[in-house]
Structure formats: structure tokens, C-alpha cells
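Secondary and tertiary structure notes
So you can see what is in the structure, the chains are spelled out below.
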Amino acid sequence: MNAERSYVPCGTIDCPIAIYHNWGKEKDFSYPSQWHMATEFLLVKSGNLEMMVDGRRLFLEDGDILLIEPRVPHNIVSNSREVSYVQLLFSPEAVALPAHHILQSALITPLYEGTLHFPRLLRPGHPIHKDLYDILSGLQQYRMTEPNYKLRRFATVVNLCAIVAPYCFADAGGTEGTDLPDNAAVKKAVIYIQNHKNRELTLEAIAAHVHLHPNYLCALFKKHMGESIFQYTNRRRIEHAAVLLRTEDVPINQLPEAVGFRSSSLFFKKFRQIMGCTPLTYARRKNSYADLPQTDVLPEE
């Protein structure tokens, strides 16, 4: 995976939902492939876009809708000068609900854990295209100058999720499809790590499971995954901790053990490094926003 993580601005702390309106300014260009933790809905209102999404080249025309899950690498390769497109992005916190809530258990948690996937490209004629098109094409009215725009954005995201949910599909075996490589040994190692991410896990145990020497497994894993086996394991554990903070009442001092860290100091260091804040700040963003600084991102008008 050669894509770099993008920390795309995504609304405010109390409403982590962003809307961007874009117009093409040059005909041919290419941005580096990137991925982010936000879910993205993109509607081409006019013109053409050429994109690479999860290794697939896609050509989008007027009315096409692109759905991108968290952690999926993507980039725009080129566009027409007359292109106009709108993007709706929302972070995991935007719809964080109790674990038993139907929207959380059926869609949000598996979506952000990577076990559920959107239909990638919806063209006119798809059963839900018109419903999504009507919503996305009307996003311009949800500007920051409008009263109750944050509540309206939240309602829009819930509505979009409800429409898309019946057309999502799950990975066989419940593993993170966007991370699974072609190499059989590395794929087996990834699945083993995912299934043991809340337990103590050693390189030797993983290597024994896939019947490879630890040093050779490390080199092979880095080649196919774009990150070391230790980086991958820590990232999956921290992302699991973030899910627990969003959906469960797990005391923060119990999180390291809950996600397989033997050292609390290492857990807090990695959490800040990967999530960009401390677990306490992350939890406060979900539970209480009143005493946190408020910022917003102006859409490109």
C-alpha cells in the first residue's frame, strides 16, 4: 500500500462532517494517492473525472456517484476544465452511537473496522442513485451561514447511510478487505493479527503460524503491506481502541490491556501518534464538546 494518510479537515469537533464544492481549474494533473479515516461520498455534477480508487481506474461522468470507505487509497488523476463535483466527508465521530444501536452495529462499526464495503460507483439507473443524487446535489444549501446547519448535516449523513446500507457487502470471513494482500503468507498473517489484536502477540507466534522465519516474514510483510508488521499491529490495535471509545463504556486505564498492549505508556504514545490526540481527548469529543475549541472548515465556494 503506497498511499499516504491524509488528515483531511472534516468539519468541527461537535459536527465532524465537511462539504466541499469543487470546480476544475486545469485539465491534466495527478495528486499522490492518499487514504483517510473519513467516509466520502462524491457526486460529479458536470464534466468528467478520472480517478484511481483502491487500485482501480474509474472514469466518472455527469451524475456519477462515488462511495469511498475509510482507509481506501484514492486520488484524482485528471479532470475536465468544466468539471463540477461535490464531496461529503464524515469522520467516525460524526455518527458515534451506542454499540447496540442498529445504525452503529449494522453499518458504522463494521464500516470503520473495514469488514463492510460500499458499492463503489453508482451510475444513473442504479436503484438508489436518484435518492443519493437528490441529497448530494442539494448539499449547497447546508452552508455554515444557514441556521441549524450542523443538525441538518447530521440528519443528511444518517439518511445517506440508511439508503446505502442494504447495498453494502461484507468480507468473507470478516477481515479487512482493503488491507488483504495477494501473497498467501502475508494474507494469513494479516488475518491472524486481526483475530488476535486484543491479545498479547509476538512476532515469533505470527511467524510460526504462517511457517516462515521471523526475519523473512518481516521483509515480506513490509513489501506487500507498505508498513512493518509492528506498525500494522499497533495501528490495528489503536483503531480497535478508538472503536471501543466510540461505542463502549471502557475505562481509559483499561484500554491498553483490552487491545493487547502490555505497556500503558506505549499504548498512550501510539494512540497519540496514530489518532492525533490522547484517548481522553478522543473520548471527550464523543461525549462532551462544550468545553473544547470550535473550528470549522470553509467549503471551496
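The paragraphs below set out a description of the structure included in this document. (Residues numbered from 1 in each chain as written. Predicted model: local features only at pLDDT ≥ 70, side-chain atom pairs only at ≥ 80, totals over all residues. Heavy atoms only, no water.)

A separate point is helix 2 (residues 129–137). His 129, Leu 132, Ile 135 and Leu 136 are the residues of helix 2 that are buried. Looking straight down helix 2, one finds that the buried residues subtend no more than 140° of arc, so they occupy a single side. Where helix 2 is buried, its residues meet strand 4 (39–46), strand 7 (65–68), strand 9 (84–90), strand 11 (121–122) and helix 3 (149–164). (Buried < 20%, exposed > 50% of the residue type's maximum accessible area, 1.4 Å probe, protein only. Helix = DSSP H or I, 4+ residues; strand = E, 2+ residues; numbered from the N terminus. Arc of directions from axis to C-beta. Contact = heavy atoms within 4.5 Å.)

Our next topic: the nonpolar core. Most often, soluble globular proteins keep nonpolar side chains buried together rather than apart. Core analysis: the largest hydrophobic core is formed by 35 residues, its most contacted members being Phe 41, Leu 88, Phe 90, Leu 132, Leu 136 and Val 164. Every element with two or more residues in this core is listed here: strand 2 (17–23), strand 4, strand 7, strand 9, helix 1 (102–113), helix 2 and helix 3. In this view, Phe 41 contacts Leu 66, Leu 67, Val 86, Gln 87, Leu 88, Phe 90, Phe 118, Leu 136, Leu 160 and Val 164; residues no more than four positions away in its chain are not counted. Of all hydrophobic cores here, the second largest spans 17 residues; its members include Ala 185, Val 186, Leu 201 and Leu 217. (Core = buried A, V, L, I, M, F, W, Y, C linked by side-chain atoms within 4.5 Å.)

With that settled, consider the packing of helix 4 (residues 184–195) against helix 6 (residues 214–225). Packing of helix 4 against helix 6 brings their axes to within 10 Å, and their N-to-C directions diverge by 90°. With respect to each other, helix 4 and helix 6 are oriented roughly perpendicular. The segment helix 4 lies against helix 6, with Ala 185, Val 186, Ala 189, Val 190 and Ile 193 engaging Leu 217, Leu 220, Phe 221, His 224 and Met 225. Classifying every residue of the contact of helix 4 with helix 6 gives 9 nonpolar, 1 polar and no charged. (Axes fitted to C-alpha atoms, helices over the stretch in contact; angles between N-to-C directions. Parallel < 35°, antiparallel > 145°, perpendicular 65-115°, else oblique. Nonpolar A, V, L, I, M, F, W, Y, C, P; charged D, E, K, R; others polar.)

Summarising burial for strand 5 (residues 49–53): 4 of the 5 residues are buried, a large majority. Where strand 5 meets strand 6 (residues 56–60), 5 bridges bridge the pair, whose relative direction is antiparallel. Residue pairing across strands places Val 53 opposite Arg 56, the latter belonging to strand 6. (Pairing = 2+ DSSP bridges.)

This next bit is on unusual backbone geometry. One non-glycine residue, Arg 71, lies in positive phi territory at about 70°. Among the secondary structure elements, Arg 71 is positioned in the loop between strand 7 and strand 8 (74–79). The buried category is assigned to Arg 71, whose relative accessible area is 2%. Positive phi is not limited to glycine here, since His 211 has a value of about 60°. Mapped onto the secondary structure, His 211 falls in the loop between helix 5 (203–210) and helix 6. For His 211, a relative accessible area of 67% gives the class exposed.

Purely geometric stuff here, so don't read any function into it on its own.
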